[in-house]
Amino acid sequence: MVGSALTDSLRAGGAVVNHLVRTKEKQSPGDVRWNPFSATVDTAAMEGYDAVVHLSGANVAHGRWTPARKLVLRSSRIDTTRVLVDSLAHLKQKPAVFICASATGYYGSRGDEILSENSGHGSDFLGLLCRSWEGEASRATAAGIRTVIMRFGIILSARGGALLTMAAPFKFGLGGRLGSGKQWMSWISLEDVVAILRTAMAEKSWNGPFNVVAPSPIQNAEFTRVLAGVLHRPAFFAAPAFAGEMADALLLSSQRVQPTKLEAAGYRFLQENLEAALYGILAKP
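Predicted, not measured: the structure shown is a model, and the values here were computed from it.

> Help me out: how do you make sense of the packing of helix H2 (residues 67–89) against helix H3 (residues 125–142) in this one?
Geometry of a packed helix pair, given as the angle between the helix axes and the separation of the axes. One can describe the packing of H2 onto H3 by two numbers: an axis separation of 7 Å at closest approach and a directional angle of 10°. By the criterion of interaxial angle, the relationship of H2 to H3 is roughly parallel. Here H2 contributes Lys70, Leu73, Arg74, Arg77, Ile78, Thr81, Arg82, Val85 and Asp86 to the contact with H3, which in turn contributes Phe125, Leu129, Ser132, Trp133, Glu136, Ala137, Arg139 and Ala140. Among the residues making up the contact of H2 with H3, the classes are represented as eight nonpolar, two polar and seven charged.

Encoded structure:
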């Protein structure tokens, strides 16, 4: 979702964008072949790019977190990042910047605590996964490449992702808060995500982790009320607390994250108000 939107935006501005691809069937002229799981990369084809943006990772919300699934989630982030950074380090013409995805799951569930980029990582599965993921990405710095790590919050878009999943029950009049509804949700519009990624490419002072979230986190009960209003649907139902590690991490965890470094850098958000953002994404004429 993010990669497609970023590609569209960059190409509309006249940039040449090529993708790392694993199969010939999906390869277009200029794309770079790689297989991160066998650590093979067409390194020569990666010479001379201005920026490399790494967004890959298996869907954390797809399927139960069995031990086998956890291995997939880790490998698709940590191993791929390791292979990519190793390849970048050996280039003669290194990119000016390496941008790597991470997530606000880095912080774990923290209740009402206000979280900045300086806050410590969580000790749950996602917290430890993100710490290791970021550690692999940060090795690019030692190779002389400016490195920016994007801790994405919940990305809101009509293209897919969490918002369409959350909105689906409301269409049948079954929408409502999750659990207590007190957990904080740190959100960001896809429009802002693309703008922030493009700014990170251009701003040479940007380094290290950035919280990619709007400056107005909201509790689940209020998010539900606003979403119901935008969809003109009731929000009478309250889903009980879910059982399971994945549900705890993705649905019930509380992360009150602030975009401290983005604000300090003077970034001006395109969407700061949740209701306005949702109307722009979901409302029909």
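Picking up where we left off.
> What is the right way to read the nonpolar core from this model?
One recurring pattern in soluble globular proteins: nonpolar side chains tend to sit buried together. With 57 residues, the main nonpolar core has Phe98, Met150, Val193 and Ile196 as its most contacted residues. Those elements that place two or more of their residues in this core are helix H1 (2–12), strand E2 (32–35), H2, strand E5 (97–103), H3, strand E7 (146–152), helix H5 (190–202) and strand E11 (208–212). Ranked by the residues each element gives to this core, the list is headed by H3, at seven residues. Excluding residues that lie within four positions of it along the chain, phenylalanine 98 makes contacts with Val52, His54, Leu84, Val85, Leu88, Ala137, Ala140, Ile145, Arg146, Thr147 and Val148. In this structure, Ala214, Leu227, Val230 and Leu274 belong to the second largest nonpolar core, which totals 18 residues.

> What should I look at first to understand the pairing of strand E4 (residues 51–54) in this one?
Sheet faces and side chains relate simply in a regular strand, where the side chains alternate between the two faces. Every second residue of E4 is oriented toward a common face, the buried set being Val52 and His54 and the non-buried set Ala51 and Val53. Two strands pair when backbone bridges link them, and E4 and E5 are joined in this way by four bridges, in the parallel orientation. Its bridge partner being in E5, valine 53 is matched across the sheet by isoleucine 99. Of the crossover connections in this fold, the one passing from E4 over H2 to the parallel E5 is right-handed.

> Where do I start with helix H9 (residues 274–282) in this structure?
An α-helical segment advances 3.6 residues per turn. Residues three or four places apart therefore align on the same side. Every buried residue of H9 is accounted for by Leu274, Ala277, Leu278 and Leu282. Projected onto a plane normal to the axis of H9, the buried residues spread over an arc of 105° and lie on a single side. In this structure asparagine 273 caps H9, since a side-chain oxygen of it lies 3.1 Å from the backbone nitrogen of glutamate 275.

> Explain the pattern of salt bridges to me, please; I cannot follow it from the model alone.
One side chain can pair with another of opposite charge once the charged atoms of both are near each other. Applying the stated rule across the entire model yields nine salt bridges. Taken together, the shared-partner salt bridges in this structure form one network comprising Asp79, Arg82, Asp86, Glu136 and Arg139.

Reading the values: rules and limits
Residues numbered from 1 in each chain as written. Predicted model: local features only at pLDDT ≥ 70, side-chain atom pairs only at ≥ 80, totals over all residues. Heavy atoms only, no water. Axes fitted to C-alpha atoms, helices over the stretch in contact; angles between N-to-C directions. Helix = DSSP H or I, 4+ residues; strand = E, 2+ residues; numbered from the N terminus. Parallel < 35°, antiparallel > 145°, perpendicular 65-115°, else oblique. Contact = heavy atoms within 4.5 Å. Nonpolar A, V, L, I, M, F, W, Y, C, P; charged D, E, K, R; others polar. Core = buried A, V, L, I, M, F, W, Y, C linked by side-chain atoms within 4.5 Å. Buried < 20%, exposed > 50% of the residue type's maximum accessible area, 1.4 Å probe, protein only. Pairing = 2+ DSSP bridges. Right-handed = clockwise from strand over helix to strand, strands pointing away. Arc of directions from axis to C-beta. Polar contact = N/O pair within 3.5 Å; in protein donor to acceptor, adjacent residues only side chain to side chain. Salt bridge = Lys/Arg side-chain N within 4 Å of Asp/Glu carboxyl O.

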